[in-house]
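A structural walkthrough
What follows is each chain in one-letter form.
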Amino acid sequence: MTAKKEMRQAAEADVDALQAGLTRFLSEQWDDAVTVQSLQLSSAGARRLNVLFDAVRGDVHQSLVLTAIPNANIMIQPIVDEAETIRCAHRAGLDVPDVLFVSENTDYVGGPFFISTRMDGETVPRKVLRLVAAQGHGAAIAERLGQNFARLHAINAAHMPTHIQWRESVGPAEFSLLALEEQIKLQLQPAPVFNLAMRWLEDHLPSVGVGKALPICLIHADMRSGNLVISEDGLVAILDWEGSRAGDPMTDLAWPCLRTWRFGADAQEVGGFAERSALIRGYEAAGGTFDAQRFHWWKVCSTLRWGLGLAGQARTHLDGSMPNIVMAASGRRVAELEYDLLGLIKP
Amino acid sequence: MQDRPDQRELLETLTAFFEDELLPNLDGALGYRALVAANLVKILARESRSGVQSQHDAHLHLADLLGEPVEEQQAPEESTSMTHALAAELARRLDARDESLDQAQTWQVLMDITRAKLAIVRPGYDSWDSSTEQPQDG
């Protein structure tokens, strides 16, 4: 049997089990006969499983999505917390799916999960870029993204999910530097560009006037091409809230502007589809306060973090903890992030 | 001394095999990993052509920046470990905020070394100038 055929058969077996589990779960929840059909594995990593499916009750057809964590030991945050954050974002008027059910019972789909409404569109970055080129709606998408960020960052403490809180003794910027310093120590070879970037980050730490505090709010922390659902009409939804946490709002604006997410369309700073001005326009029009210096600081910080992340992936290949050709190749992508960093901090 | 095909010819043969035979017949996750593998073979081909020279240049740049003497006629392995030692020394002096390091020269040396790495791992990546993304008002 070919490897391809084996993989397909394994996936089909999984799909059958998922269909049975979902049918059982939804029939219990709705106390009604439910048919689950048209299952489609949208992404299946070791960490996270996304399955599109239709649920039919009598005449009612619903297009839904299952998000499951096959191995609860490697969850970034409990799925209950993630679902609570999405619901909070939904109430605040963000473009997010409606979470219908959350369960930590692993009997249904092999791990904790939630089920949400489906918001149709494209997520694969290169396909998104082709769609945007055809529709010419890149600036509108970036504005809408900015509006979403503003609404998210405006959620006040009273309405935030209970698990979202800043608990560190130092601010988000200082805390990030401490984490990066630890990462640099793990490097397999000296990388002076990273040391230079660390010194730059220390020298340019965000500050406000004496007696004032830097803003800390609920942030998504991974809102970039790949986690955005885009249709012919524009931005449909923001996915993947598992990294959401408390942080500096400028972290959120800087992350989708990293060159890594532009896929070759470098002059379009926001995900390769729009200029920064469109993102800021949307953010400020919806009440957000943009700070160019802090934005830039977080861009440098995130570029360094991503560079160290790629080096870390190569390490997990080399030390045998995750031997994998993609992880190995990441080691040779570090130079890209070093180049980006040097440009961003050029004296 | 080896018989033909030589190293470069073998790497070219591998690249052609990946691109013409393997990749068109694979899709999904395995297809993606094969694409990554094909790219690694291309990196190796470029490294086999210019890797030694690139390493030597990095050594010279770092030695010049740090005021260290350069020994000519080193074996490639020795040059690699010397370059790593110099890079480690630069990292240490950056961490110690050594004021005798010329800032502009440090940046330029690191940029030259990074561009040389990119010429092997991702040619053309340095066509975009990220410094244009810096805030304009200071």
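Residues numbered from 1 in each chain as written. Chains lettered and ligands numbered in written order. Predicted model: local features only at pLDDT ≥ 70, side-chain atom pairs only at ≥ 80, totals over all residues. Heavy atoms only, no water.

Side note on the overall build of chain B
Looking only at helices and strands, chain B has 4 helices and 0 strands in total. A compact globule built from 138 residues should have a C-alpha radius of gyration of about 14 Å, whereas chain B, at 20 Å, is more than 25% larger. Principal-axis analysis of the C-alpha atoms places the extent of chain B at approximately 55 × 50 × 20 Å. In chain B, which comprises 138 residues, the proportion classed as buried is 33%. Long-range pairs, those at least 24 residues apart, make up 58% of the contacts in chain B between residues at least 6 apart in sequence. Element-wise, carbon and sulfur atoms account for 51% of the exposed surface of chain B, whose accessible area totals about 8600 Å². (Helix = DSSP H or I, 4+ residues; strand = E, 2+ residues; numbered from the N terminus. Rg over C-alpha atoms; globule rule 2.2 N^0.38 Å. Buried < 20%, exposed > 50% of the residue type's maximum accessible area, 1.4 Å probe, protein only. Contact = heavy atoms within 4.5 Å. Areas by Shrake-Rupley, 256 points an atom, 1.4 Å probe, with all protein chains shown as cover.)

Digging into the domain arrangement of chain A
All names here are of chain A. Taken domain by domain, chain A comprises domain 1 (3-117) and domain 2 (125-344). Domain 1 and domain 2 are separated by 27 Å when their C-alpha centres are compared. Contacts between domain 1 and domain 2 engage 17 residues on the former and 22 residues on the latter. Here domain 1 and domain 2 share an interface that buries about 1600 Å² over both sides, 55% of which is from carbon and sulfur atoms. Area buried by domain 1 at its contact with domain 2 is led by Thr85, Leu94 and Asp95, which between them contribute 37% of it. One can count 3 salt bridges joining domain 1 with domain 2. (Domains from an automatic or database assignment. Buried area = accessible area lost by both parts, 1.4 Å probe. Salt bridge = Lys/Arg side-chain N within 4 Å of Asp/Glu carboxyl O.)

As for the nonpolar core
All names here are of chain A. Counting residues in each nonpolar core, the largest one holds 92 residues, and the members touching the most others are Leu145, Leu201, Phe273 and Leu304. When residues of this core are sorted by domain, at least three fall in each of domain 1 (3-117) and domain 2 (125-344). For Leu201, the contacting residues outside a window of four places in its chain are Leu177, Leu180, Trp297, Val300, Cys301 and Leu304. In terms of nonpolar packing, the next biggest core, distinct from the first, is built from 20 residues, Leu39, Phe101, Phe113 and Ile115 among them. (Core = buried A, V, L, I, M, F, W, Y, C linked by side-chain atoms within 4.5 Å.)

Thoughts on the packing of aromatic side chains
Applying the stated rule across the entire model yields 13 aromatic pairs over all chains. Judged by centre distance (5.0 Å) and plane angle (75°), the ring pair of A:Phe25 and A:Tyr108 falls under edge-to-face. Placement of the pair is A:Phe25 in helix 1 (residues 3-30) and A:Tyr108 in the loop between strand 4 (99-103) and strand 5 (113-117), with a sequence separation of 83 residues. Of the two residues, A:Phe25 and A:Tyr108, neither departs from the other in class, the shared state being buried. A network of ring pairs unites the aromatic residues A:Phe25, A:Trp30, A:Phe101, A:Tyr108 and A:Phe113 as a single cluster. Stacked on the ring of B:Tyr125, the Lys or Arg A:Arg259 has its end atom at 3.6 Å from the ring centre. Just above the ring of A:Trp255 sits the side chain of A:Arg305; from NZ or CZ to the centre is 5.2 Å. (Phe/Tyr/Trp six-rings, centres within 6.5 Å; stacked < 30°, edge-to-face > 60°. Lys NZ or Arg CZ within 6 Å of the ring centre and 35° of its normal.)

Focus: the pairing of strand 8 (residues 234-238) of chain A
Residue and element names in this part refer to chain A. Of all 5 residues in strand 8, 5 are buried; the element is thus mostly enclosed. Looking at chain direction, strand 7 (residues 228-231) and strand 8 are connected through 4 bridges and run antiparallel. Bridging from a neighbouring strand, Ser231 pairs with Gly234 of strand 8. (Pairing = 2+ DSSP bridges.)

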